[in-house]
Amino acid sequence: MSKIKSETKDSKLIEILKQLFAGGVAGTVAKSAVAPLERVKILYQVRSKDYGFNASNPTSVKPATINLVFSTLNKIFNNEGIYGLFKGNGMAVIRVFPYAAIQFAAFENYRRFANTTFGEIDGVINFACGSAAGATAVILTYPLDVARARLACQIESGSYLVTIIYGNTTLIRS
C-alpha cells in the first residue's frame with residue numbers, strides 16, 4: 001500500500017514538473033520572439049536620445065509608428081548588432097521560469113486553502129486565488145524584472161553582471 005502511494009506521489013510530481021517545464025519553454029519562446037520590440041518599447045519609454053528620442057524635450061517625441069519602430073530596430077542592429085536586439089532578454093528568460101513556478105505553486109496552495117475554508121470554489125474565489133498567485137509571483141521576481149529593464153536600457157557596452165549586481169544592490173538599499 002505504501003509503495004502505491006509513493007508511486008502516485010512520484011507520478012504527480014513528474015506530471016507537475018513536465019507542466020512547469022512546458023510552460024517555461026513556452027514563456028521563453030514567447031519572450032524571445034518579442035524581445036526586439038520590447039527593447040524598442042523600453043528605449044522609447046526612457047526616451048533614449050541615442051536612438052532618436054529627444055529626452056530634453058518630451059513634447060517633441062513622435063508617436064510610436066511602424067516606421068519609427070523599424071527605424072529604431074535598424075539603428076539598434078547597426079549600432080549593436082544582433083545581440084543588441086536581445087539586450088535584457090536573458091534576464092526576462094531567467095525570470096520566466098521562477099515566475100511560472102511560483103505562480104503555479106501559489107495558485108494551487110491558495111486554491112487548496114480556499115477549498116478547505118469555503119468548501120466549493122466558484123469563479124470569484126478562483127479569480128481571487130489567481131490574482132493572489134500572480135501578485136505573489138510578481139513580488140518575488142521583481143528584482144529580476146528590474147535587472148532586465150536596466151540591461152535593456154543600457155546603451156554602452158559593459159559588464160552585464162556588474163549592472164545586475166549594482167542595480168539590485170541599489171534597489172535593496174532604497
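If you're wondering where the values come from, they're calculated on a predicted model, not measured in any experiment.

**Student:** What am I meant to see in the overall build of the chain here?
**Tutor:** Along the backbone of the chain there are seven helices and zero strands. Written out in order from the N terminus, the α and β elements of the chain read α-α-α-α-α-α-α. As displayed, the chain has an accessible area near 11,400 Å², and 65% of this comes from carbon and sulfur atoms.

**Student:** Explain the packing of helix 2 (residues 35-45) against helix 3 (residues 66-80) here, please?
**Tutor:** For any two helices packed against each other, the geometry is given by the interaxial angle and the distance between the axes. Orientation of helix 2 relative to helix 3, taken along the N-to-C sense of each, is 100°, at an axis distance of 10 Å. With respect to helix 3, the axis of helix 2 lies roughly perpendicular. Together, Pro36, Leu37, Arg39, Val40, Leu43 and Tyr44 of helix 2 and Leu68, Val69, Thr72, Leu73, Ile76 and Glu80 of helix 3 make up the contact between the two elements. Residues of the contact of helix 2 with helix 3, tallied by class, amount to nine nonpolar, one polar and two charged.

**Student:** Explanation requested: the side chain of Thr141 in the structure shown.
**Tutor:** Within the secondary structure, Thr141 sits in helix 6 (residues 123-153). With a relative accessible area of 3%, Thr141 lands in the buried category. Within the structure, the side chain of Thr141 is placed 2.7 Å from the backbone oxygen of Ala137, a separation counted as a polar contact. In this structure Thr141 touches Arg95, Pro98, Tyr99 and Ile102, once residues within four positions along its chain are discounted.

**Student:** Can you walk me through the environment of Val29 in this structure?
**Tutor:** By the secondary structure assignment, Val29 is in helix 1 (residues 2-33). Note on Val29: relative accessible area 52%, which makes it exposed.

**Student:** Hey, could you run me through helix 2 in this one?
**Tutor:** The α-helix advances 3.6 residues per turn, and as a result positions three or four apart in sequence lie on the same side. For helix 2, the complete set of buried residues consists of Ala35, Pro36, Arg39, Val40, Ile42 and Leu43. Down the axis of helix 2, the smallest arc covering the buried residues is 165°, so these residues share one side.

**Student:** I would appreciate a short explanation of a nonpolar patch on the surface in the present structure.
**Tutor:** A contiguous nonpolar patch, built from Phe21, Val25, Val29 and Phe97 and spanning about 370 Å² of accessible area, is present on the exposed surface. Ranked by the residues each element gives to the nonpolar patch, the list is headed by helix 1, at three residues.

**Student:** Even after reading the chapter, I still don't get helix 3, so can you show me in this structure?
**Tutor:** Its 15 residues give helix 3 an end-to-end C-alpha distance of 21 Å, which sits within 8% of 21 Å, the value for a rise of 1.5 Å per residue. Those residues of helix 3 lying buried are Leu68, Thr72, Leu73 and Ile76. Across the axial projection of helix 3, the buried residues extend over an arc of 135°, all falling on one side. Opposite the packed face of helix 3, turned more than 90 degrees from it, sit the exposed residues Ile66, Asn67, Phe70 and Asn78. Tucked into the core, helix 3 has its buried residues touching helix 2 and helix 4 (82-85).

**Student:** Explain the environment of Leu140 here, please?
**Tutor:** Tracing the chain through its elements places Leu140 in helix 6. Look at Leu140 and you get exposed, because its relative accessible area is 54%. Considering only alpha carbons, one finds Leu140 and Gln103, 37 residues apart in sequence, at a separation of 9.9 Å.

**Student:** What should I look at first to understand the nonpolar core in this one?
**Tutor:** Here is a general trend for soluble globular proteins: nonpolar side chains tend to be buried in one another's company. Core analysis: the largest hydrophobic core is formed by five residues, namely Val40, Leu43, Leu73, Ile76 and Leu85. Among the secondary structure elements, those contributing two or more residues to this core are helix 2 and helix 3. Residues in contact with Leu73, not counting those within four places in the same chain, are Pro36, Leu37, Val40 and Leu85.

**Student:** What is the right way to look at the pattern of salt bridges in this model?
**Tutor:** If the charged atoms of two oppositely charged side chains come close together, the side chains can form a pair. Evaluation of the coordinates by the stated rule reveals three salt bridges. The salt bridge involving Glu80 is made with Arg39; its shortest N-O contact spans 3.3 Å. Within this pair, whereas Glu80 is found in helix 3, its partner Arg39 is found in helix 2, the two being separated by 41 residues in sequence. On the basis of relative accessible area, Arg39 is assigned to the buried category, the value being 1%. In this structure, Lys87 engages Glu80 in a salt bridge whose closest nitrogen and oxygen atoms are separated by 3.0 Å.

Quick notes on the rules
Within every chain, residues take consecutive numbers counted from 1 along the sequence as written. Two thresholds apply to this predicted model, a pLDDT of at least 70 for residue-level local features and 80 or more for giving and counting side-chain atom pairs, whereas whole-chain, interface and lining totals are computed over all residues. Calculated side-chain values reflect all of the structure's heavy atoms, with hydrogen atoms and water omitted. Counting from the N terminus, the helices are DSSP H or I runs at least four residues long and the strands are E runs at least two residues long. All accessible areas in this document rest on Shrake-Rupley with a 1.4 Å probe, and a residue is counted as covered only by the protein chains that are shown. A fitted line through C-alpha atoms serves as each axis, taken over the contacting stretch for helices, and the angle formed by two N-to-C directions is quoted from 0 to 180°. Orientation categories follow fixed angle ranges, with anything under 35 degrees roughly parallel, anything over 145 roughly antiparallel, 65 to 115 roughly perpendicular, and all other angles oblique. Whether two residues are in contact is decided by their heavy atoms: any pair within 4.5 Å suffices. Each residue gets one of three labels, nonpolar for Ala, Val, Leu, Ile, Met, Phe, Trp, Tyr, Cys and Pro, charged for Asp, Glu, Lys and Arg, and polar for the others, Gly among them. Throughout, exposure labels follow a simple rule: accessible area from a 1.4 Å probe, protein chains only, divided by the maximum for the residue type, with under 20% read as buried, over 50% as exposed, and the rest as partly exposed. Two N or O atoms form a polar contact when they lie within 3.5 Å of each other; inside protein one atom must be a possible hydrogen donor and the other a possible acceptor, and for residues adjacent in sequence the pair counts only when both atoms belong to side chains. Along the arc lie the directions from the helix axis toward the C-beta atoms. Surface patches are defined over residues having more than 30% relative accessible area and no salt bridge, joining like charges when they lie within 9 Å and nonpolar side chains (Val, Leu, Ile, Met, Phe, Trp, Tyr) when within 5 Å. Here, a salt bridge means any side-chain nitrogen of Lys or Arg that lies within 4 Å of a carboxyl oxygen of Asp or Glu. Expected helix span is taken as 1.5 Å per residue step, with the number of steps being one fewer than the number of residues. Throughout this description, the term nonpolar core refers to a set of buried Ala, Val, Leu, Ile, Met, Phe, Trp, Tyr and Cys residues connected via side-chain atoms within 4.5 Å.

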